[in-house]
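Coordinate inspection notes
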Amino acid sequence: MKKLQLYNSLSNSLEDFVPIEKNNVRMYVCGPTVYASPHIGNARPMVIFDVLFRLLKKIYQKVTYVRNITDVDDKINARARERSIALEELTNEVIGELHKNMALLNLLPVSNEPRATFHIQEMLSIIQKLMDSGYAYASHGHILFRVRKMPNYGMLSKRSLDEMIAGSRVEVAPYKEDPMDFILWKPAEDGSPSWDSPFGAGRPGWHLECSAMSHKYLGEKFDIHAGGQDLMFPHHENELAQNYGAFGHLMANYWVHNGMLLADGQKMSKSLGNIISLDEILRQYDGEIVRYVLLGSHYQKTLNWNQQAISQAKRSLDRMYGALRLNNDEEQLEPEENDDDDKVLEALGSNLNTPLALHYLRQITEKIHEAGDPSVVRKLCRTLRRGAKLLGILERNCEDWFPISSGEEITECEIESLMEARRRAKNEKNFPLADQIRAQLLEKNIKIEDMKSGSIWSRK
Ligand SMILES: [Zn+2]
């Protein structure tokens, strides 16, 4: 069994990972709120925890990975009202785009992707448990969580109640017994979607959905709860408190948080107008380039998204695909299980050290370029592919890669090779990839027309 160490925010230390059941590792990751197209910052946890998922799958027999979708909240309501469309119309639209982009990022499908609005009953049953145990109370149509009843509230984010109040991270409201208390259920407002409940028509608080969905799909106690650092307080702190109040113990053993993403050294914000849309980035760059940049910094550190990092990622991937191209017998690259001296696996096992893993891949790449002997090249290419698979890169045929990533005029031979790649993608029903290839050809002024007899291309 390979060793895995993870930094646990709960203990503030690096810990050996020991699953509750070694035959089924369970992980929950807080997914996106679908009110608008995701930005590049939203893609960071998706890609990082996809690598953790790949690693866990490599080590353990079975991994259950749940990543939710928040499809009801104030921002969604506001946006739907702004556009005069129903909540579901907006959320379905954003989820559609999200799924397309997840496929382009080579994300493996998760075990479950529950949506909040499909789990209102489960949330209500947790509220009932909290009411019964005295952790929740009703006031002016609201149901609130009684924070001061929770022993060690703040244990995850390491804040004391007084600090939280002084930092005015809490909203004072007349219906609260204490300013720290947070909402589990709020009454229906004019026009906003609401659900009937024993506590009156209304809608759930945000934190409650993750408590309900993790409980439903992973049980009362599971292994890993993960998400962005910005979710640690209040979201994860409150989830933890809710499950403790309802079920009497801590919901997860390991709490793993990724650092934030800056765009050219600045925090992305609407007012600065520097929000980078994931959709736009994936129109310009191959998903593997985006993935490479996102894995280029250690997950706990702040990542600076900039043009230099993108160019470096592209150069490294070109070099790697160039190395793979030196092996003329690609069929033989199918992985052969031999992890005895797998440095990439070791780097990832050491608290998911993706920059070190990429460094090893670059080293193998250089060895391939220097090797010469075909049997050595083949062996090293196999090691390269195997390591890259854990990071979710080098998943293309090398012949498809170069026309896509090079900035130069595209040749007929390269167009044909891309047309073939697109045909393959369509046959495999990988429509996001097929669409991406079409867009990439279009960017090189190549137009595709799909006919009954097949697809044809022409220069514009
Ligand atoms: Zn959550």
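What counts as what
Residues numbered from 1 in each chain as written. Predicted model: local features only at pLDDT ≥ 70, side-chain atom pairs only at ≥ 80, totals over all residues. Heavy atoms only, no water. Pairing = 2+ DSSP bridges. Helix = DSSP H or I, 4+ residues; strand = E, 2+ residues; numbered from the N terminus. Axes fitted to C-alpha atoms, helices over the stretch in contact; angles between N-to-C directions. Contact = heavy atoms within 4.5 Å. Domains from an automatic or database assignment. Buried area = accessible area lost by both parts, 1.4 Å probe. Salt bridge = Lys/Arg side-chain N within 4 Å of Asp/Glu carboxyl O. Polar contact = N/O pair within 3.5 Å; in protein donor to acceptor, adjacent residues only side chain to side chain. Donors = N, O, S within 2.8 Å, 3.2 Å for Na, K, Ca; no water. Buried < 20%, exposed > 50% of the residue type's maximum accessible area, 1.4 Å probe, protein only. Parallel < 35°, antiparallel > 145°, perpendicular 65-115°, else oblique. Nonpolar A, V, L, I, M, F, W, Y, C, P; charged D, E, K, R; others polar. Phe/Tyr/Trp six-rings, centres within 6.5 Å; stacked < 30°, edge-to-face > 60°. Lys NZ or Arg CZ within 6 Å of the ring centre and 35° of its normal. Expected span 1.5 Å × (residues − 1). Left-handed = near helix turned anticlockwise from the far one by under 90°.

**Remarks on the sheet that holds strand E9 (residues 222-228)**
Hydrogen bonds between backbone atoms are what pair the strands of a sheet, whose relative direction is either parallel or antiparallel. Taken together, the four strands give an open sheet; going across it, the order is E4-E3-E9-E10, and neighbouring strands pair in parallel fashion. Each edge of the open sheet carries a strand with a single partner, namely strand E4 (63-67) and strand E10 (252-258). Sheet twist, expressed as the average angle between the axes of neighbouring strands with direction ignored, equals 20 degrees. Along the sheet, helix H6 (residues 206-218) contacts strand E3 (25-29), E4 and E9; its crossing angle with E3, the most-contacted strand, is approximately 160 degrees.

**Overview of the domain arrangement of the chain**
Under the domain assignment used here, the chain contains domain 1 (5-258), domain 2 (262-395) and domain 3 (402-459). Averaged C-alpha coordinates put domain 1 and domain 2 at centres separated by 31 Å. On the side of domain 2, 36 residues touch domain 1, which itself brings 30 residues to the contact. For the pair domain 1 and domain 2, the two sides together bury roughly 2800 Å², of which 63% comes from carbon and sulfur. On the domain 1 side of the interface with domain 2, the three residues burying the most area are Ile40, Arg44 and Lys58, jointly 25% of the side's total. Counting every contact that joins domain 1 to domain 2 gives three salt bridges. For Glu395, the salt bridge identified is with Arg54, shortest N-O distance 3.1 Å. The tally of links from domain 1 across to domain 2 stands at 16 residue pairs in polar contact (both at pLDDT 80 or more). Only strand E1 (5-8), helix H1 (40-59), helix H3 (87-104) and E10 provide two or more residues apiece to the side of domain 1 that touches domain 2. Sort the elements by how many residues they give to the side of domain 1 that touches domain 2 and H1 lands first, with twelve residues.

**Regarding the side chain of Ser192**
Here Ser192 is to be found in the loop between strand E7 (182-187) and strand E8 (202-204). Engagement of the side chain of Ser192 in a polar contact is seen with the side chain of Arg81, the distance being 3.3 Å. Ignoring any residue separated from it by four or fewer positions in sequence, one finds Ser192 in contact with Asn77 and Arg81.

**Quick word on the coordination of the zinc ion**
Listed as protein donors to the zinc ion are Cys30 (SG), Cys210 (SG) and His235 (NE2); their distances from the metal cover 2.0 to 2.2 Å. Between consecutive donor residues of the zinc ion, the sequence gaps follow C-x179-C-x24-H. Of this pair, Cys30 sits in the loop between E3 and H1 while His235 sits in helix H7 (residues 232-247), and the two are 205 residues apart along the sequence. Like His235, Cys30 is buried.

**Notes on the packing of H1 against helix H13 (residues 374-391)**
Each packed pair of helices is defined by two parameters, the angle between the axes and the distance between the axes. The N-to-C vectors of H1 and H13 enclose an angle of 120 degrees; their axes lie 7 Å apart at closest approach. It follows that H1 is oblique to H13 by the angle criterion. Residues Val51, Arg54, Leu55 and Lys58 of H1 pack against Lys389, Leu390 and Leu391 of H13. Grouping the constituent residues of the contact of H1 with H13 by class yields four nonpolar, no polar and three charged.

**Let's talk about the environment of Ser11**
By the element assignment, Ser11 lies in the loop between E1 and strand E2 (13-16). Taking C-alpha positions, Ser11 is 8.1 Å from Leu156, a pair spaced 145 residues apart along the chain. A polar atom in the side chain of Ser11 sits 2.9 Å from the side chain of Ser13. A distance of 2.4 Å separates the side chain of Ser11 from the side chain of Glu15, its partner in a polar contact.

**Topic: the packing of aromatic side chains**
Per the stated rule, a full pass over the model turns up seven aromatic pairs. Plain terms: the ring middles of Phe17 and Tyr254 are 5.0 Å apart, the flat faces sit at 55 degrees to each other, and that makes the pair tilted. Here the residue Phe17 occupies a position in the loop between E2 and E3, and Tyr254 occupies one in strand E10, the gap between them amounting to 237 residues. An aromatic cluster of at least three residues, connected via ring pairs, comprises Phe17, Tyr60 and Tyr254. Residue placement shows Lys149 over the ring face of Tyr135; its charged tip is 5.0 Å from the ring centre.

**Quick look at helix H10 (residues 307-325)**
The α-helix advances 3.6 residues per turn, and as a result positions three or four apart in sequence lie on the same side. Over its 19 residues, H10 extends 27 Å from the first C-alpha to the last, a length consistent with the 27 Å expected when each residue adds 1.5 Å. Residues Ala309, Ile310, Ala313, Ser316, Leu317, Asp318, Met320, Tyr321, Gly322, Ala323 and Leu324 constitute the buried set of H10.

**Observations concerning the packing of helix H12 (residues 354-371) against H13**
Close contact between H12 and H13 brings their axes to 9 Å; oriented N to C, the two are set at 160 degrees. Classified by the angle their axes make, H12 and H13 are roughly antiparallel. Both H12 and H13 take part in a crossing whose hand is left-handed. Contact residues: Thr354, Ala357, Leu358, Leu361, Ile364, Thr365, Lys367, Ile368 and Ala371 in H12; Val376, Val377, Leu380, Cys381, Thr383, Leu384, Gly387, Ala388 and Leu391 in H13.

**A word on the pattern of salt bridges**
A complete count under the given rule lists 24 salt bridges for this structure. The partner of Glu21 in a salt bridge is Arg26, with the nearest N and O atoms 3.5 Å apart. Overall, the relative accessible area of 10% leaves Arg26 in the buried class. Of the charged contacts, one joins Arg83 and Glu93 as a salt bridge, the two residues approaching to 3.0 Å between their closest N and O atoms.

**Comments concerning the sheet that holds E7**
As summarised here, the arrangement of the four strands in space is E5-E6-E7-E8, forming an open sheet in which the pairing is antiparallel. Of all strands in the sheet, those bounded by a partner on one side alone are strand E5 (136-139) and E8. Taking the axes of each pair of neighbouring strands and ignoring which way they run, one obtains an average angle of 20 degrees across the sheet. Of the strand pairs in this sheet, E5 and strand E6 (residues 142-145) are connected by four bridges, and their pairing is antiparallel. Residue pairing across strands places Tyr137 opposite Leu144, the latter belonging to E6. In this fold helix H4 (residues 120-132) packs onto E5, E6, E7 and E8, with an angle of close to 120 degrees to the strand it touches most, E7.

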